[in-house]
Amino acid sequence: MKISTLFYCMWQGLRSTFRNKWFTLASVATISACLFLFGLFYAILMNFQHMVKNAQDGVSVTVFFDEGISDERVLEIGELISHRVEVSKVEYISADEAWETVKVYYFEGNEDAEKGFLENPLEESDSYEVFLTDVSMHEALVSYLKSIDGVRKVNEAASVSNMLSGINVIIGYVTGGIIVILFAVSVFLISNTVTIGISVRKEEIQIMKYIGATDFFVRAPFVIEGIIIGVIGSLIPLVVVYMIYNQVMLYVAERFTYLSQLMQFLTVEEIFANLTPVCIGLGVGIGFLGSFTTVRKHLSV
Amino acid sequence: MRTGSKKRVVRKPNDHVISFENVSKAYTEGAPALNNVNLHIDKGEFVFIVGDSGSGKSTMIKLIMREVLPSKGRVFVNGIDVVRLKHRQIPKYRRNIGIVFQDFRLLKDRNVYENVAFAQRIIQVPGREIRKNVPSILSMVGLAGKYKARPKQLSGGEQQRVALARALINKPDILLADEPTGNLDPKNSWEIMSLLEKINENGTTVLVVTHNREIVNAMQKRVITVKKGIIVSDEERGGYIDED
């Protein structure tokens, strides 16, 4: 195919986008509405996932050692644990550090009660605090830790980890479900809009086919039109979601300070780093598929 | 008016541009649009196909254009077995056939120049040749001064001339005209028929489907009469046969 023919098809597609302005507007509005909903859900779910991830990062398992264990063995155990894939971080907590923490927690403002303890009651309670990369691996890690020679006790975080992995699974399903539903709805709506738009131009397609135009020549302007509509239809919701997200973050930061301290929200840049290509990709994909498949129905002239 | 003659025109097989061999076409079972039709049209002929509405005339055009396939029999155009054409071969095949319709079928959003140039663009003719060819063909159909006009700014006769220019610009071997004067007044009808005759004199085979009795009778060309899917008459220098 000649380059001039390609440019001609592109020009016709561009012209057609403006010429059939009502069809263009209807299609852009449909894609925009679907992708706007997608963008909102994406931003909410990503923040949820981020919060769960933060909570996961704080989940730890404490490992206590047998009485009279040598320092070398404690170090060996530390090495063994830190090499596990499910472990993100291992922190050694000496008995003295543990007692200091307890004192702060239990005896703050009641220092007299603390004076009753002449020695460290947590003697022989040196431990490792083990943080997980993925809470769903909690059970496997605990079994391993219990099997290590020299380990006396393992304090599990089973309920927290189970809850967090449950939430993770639910978020995964919800995200997947919403994406599938929105995609199906948008493809249905787009296909209807394109079908109506193209049936009006069925005669135009027939004329082209009678004159001897190839399927490519007939289809190319429609596909280019579909892609243009897809790009515009994805950029509009991106801008709207960007503005809404920014405003909501500002509002939360100003009005609900305690909430922003409690929960860590993703920045607009973090959200849009992935949302922008995904949204444009979906818009282009929907526009391309919608026009490609609908024109095909009329090509058998 | 000459009617009722059943004389068949015998042709040399090698000269046939269009051949129908035992062709039947049924859109619905038991109601054939064409029934066992045998027909041969030679290079350079001017042929009228006449008949009532629903007699099968337009089906013949559709078969030649390879818009539909015969239910039975074979159709040859320029020696090509139309039935055997693959979908991807159809565009190239159609470029050797020009076609005009009763309703002109112009691209409404494009001007006269673009409507005609379009036929050249699809066969990837270089731009400089298009700029040379389009004014030339528009002059031939008498529309040189209206190349910027949109179809809705033209009269019916002018629109049909644009359609003719578009059909002819790629120099097809065959020109099919499906009721080309159906939407035109007598003056414009005659102008279009004169153009078709001129095109035919330049060597293009012209096949005209029409209801226009006056024109058919006056032009004294070969006339094929179709009735209920059967060719009932095929006359050299024929006339319009009354249906009753």
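Here's a quick rundown of the structure. Counting restarts for each chain, with residues numbered from 1 along the sequence as it is written. Working convention: letters from A go to chains and numbers from 1 go to ligands, in the order in which they are written. Reporting of local features is limited, given that this is a predicted model, to residues whose pLDDT is at least 70; pairs of side-chain atoms are given and counted only at 80 or more, and all residues count toward the totals for whole chains, interfaces and linings. For the side-chain quantities, the full set of heavy atoms in the structure was used; hydrogens and water were omitted.

### So, the sheet that holds strand β2 (residues 87–93) of chain A
Residues and elements named next belong to chain A. Two strands pair if DSSP finds at least two bridges between them. Strands here mean DSSP runs of E at least two residues long; helices mean DSSP runs of H or I at least four residues long; both are numbered from the N terminus. Spatially, the four strands line up as an open sheet ordered β2-β3-β1-β4, and their pairing is antiparallel. Looking at which strands have only one partner, the edges of the open sheet turn out to be β2 and β4 (151–155). Strand-to-strand twist in this sheet, taken as the mean axis angle between neighbours without regard to direction, amounts to 20°. Judged from the six bridges that link them, β2 and strand β3 (residues 127–132) form a sheet pairing that is antiparallel. Within β3, the position partnered with Tyr92 by the bridge is Tyr128. Note on contacts: a residue pair is in contact if any heavy atoms of the two residues lie within 4.5 Å. Axis angles are defined between N-to-C directions and span 0 to 180 degrees, where every axis is a line fitted to C-alpha atoms and, for a helix, only to the segment in contact. Seen against the sheet, helix α3 (residues 71–82) touches β1 (60–65), β2, β3 and β4 and runs at an angle of roughly 5° to β3.

### Topic: the pattern of salt bridges
Oppositely charged side chains may form a pair once their charged atoms are brought near each other. What counts as a salt bridge is simple: a side-chain nitrogen of Lys or Arg found within 4 Å of a carboxyl oxygen of Asp or Glu. Inspection of every chain in the model, using the stated rule, returns 17 salt bridges over all chains. We note a salt bridge from A:Arg84 to A:Glu86, for which the minimum N-O separation is 3.0 Å. Residue exposure (1.4 Å probe, protein chains only): buried if accessible area is under 20% of the type maximum, exposed if over 50%, otherwise partly exposed. Taking the relative accessible area as the measure of exposure, A:Arg84 reaches 28% and is therefore partly exposed. With a closest N to O distance of 2.8 Å, B:Arg222 and B:Glu45 form a salt bridge.

### Some remarks on the nonpolar core
Residue types Ala, Val, Leu, Ile, Met, Phe, Trp, Tyr and Cys, when buried and joined through side-chain atoms within 4.5 Å, form a set referred to as a nonpolar core. Formed by 59 residues in total, the largest nonpolar core has its most connected members in B:Phe48, B:Leu164 and B:Leu196. With residues up to four places along the chain from it excluded, the contact list for B:Phe48 reads B:Met193, B:Val208, B:Thr210, B:Ile215, B:Val216, B:Met219, B:Lys221, B:Arg222, B:Val223 and B:Ile224. Counting residues in each nonpolar core, the second largest holds 44 residues, with A:Val28, A:Phe38, A:Ile178 and A:Cys279 among its members.

### Examining the pairing of strand β1 (residues 16–28) of chain B
Residue and element names in this part refer to chain B. Of the pairings in the sheet, the one linking β1 to strand β2 (residues 31–42) comprises eight bridges and is antiparallel in character. Paired with Ile18 across the strands is Ile41, a residue of β2. For β1 and strand β4 (residues 72–77), the ladder comprises five bridges, and the chain directions are antiparallel. Each residue of the ladder has a partner; that of Ser24, found in β4, is Lys72.

### What to know about helix α6 (residues 138–147) of chain A
Residues and elements named next belong to chain A. Listing the buried residues of α6 in full gives His138, Leu141, Val142 and Leu145. All buried residues of α6 lie within an arc of 100° about the axis, which places them on one face of the element. The exposed residues of α6 that point more than 90 degrees off its buried face are Glu139 and Ser147. By arc we mean the arc of the directions from the helix axis to the C-beta atoms, nothing more.

### Observations regarding a nonpolar patch on the surface
All names here are of chain A. Each patch groups residues whose relative accessible area exceeds 30% and which form no salt bridge, using 9 Å between like charges and 5 Å between nonpolar side chains of Val, Leu, Ile, Met, Phe, Trp and Tyr. A 1.4 Å probe and the Shrake-Rupley method give the accessible areas. Residues count as covered only by the protein chains that appear here. Together, Ile3, Leu6, Phe7, Met10 and Phe216 line one region of the surface with nonpolar side chains, adding up to about 490 Å² of accessible area. Examining the composition of the nonpolar patch, we find that four residues originate from one element, helix α1 (residues 3–19), more than from any other. Residue Phe216 is classed as partly exposed on the basis of its relative accessible area, which comes to 41%.

### Some thoughts on the interface of chain B and chain A
By a frequent convention, interface size equals the accessible area lost on bringing the separate parts together. With 22 residues of chain B at the contact, the number on the chain A side is 23 residues. Defined here as a combined quantity, buried area equals the accessible surface (1.4 Å probe) lost by two parts on assembly, summed across both. Carbon and sulfur atoms make up 56% of the area that chain B and chain A hide from each other, which totals about 2200 Å². In this structure, the connection of chain B to chain A is made through two salt bridges. In this structure, A:Arg15 and B:Asp109 form a salt bridge, with 4.0 Å as the shortest nitrogen-oxygen distance. Within 3.5 Å is the distance limit for a polar contact, defined as a pair of N or O atoms, with the added protein rule that one can donate a hydrogen and the other accept it, and that residues adjacent in sequence qualify only through two side-chain atoms. Between chain B and chain A we count eight residue pairs in polar contact (both at pLDDT 80 or more) in total. For the side of chain B that touches chain A, the element with the most residues is helix α3 (residues 112–121) of chain B, which contributes four residues. Gly falls in the polar group here, along with every residue not listed as nonpolar (Ala, Val, Leu, Ile, Met, Phe, Trp, Tyr, Cys, Pro) or charged (Asp, Glu, Lys, Arg). Its residues assigned to classes, the side of chain B that touches chain A shows ten nonpolar, two polar and ten charged.

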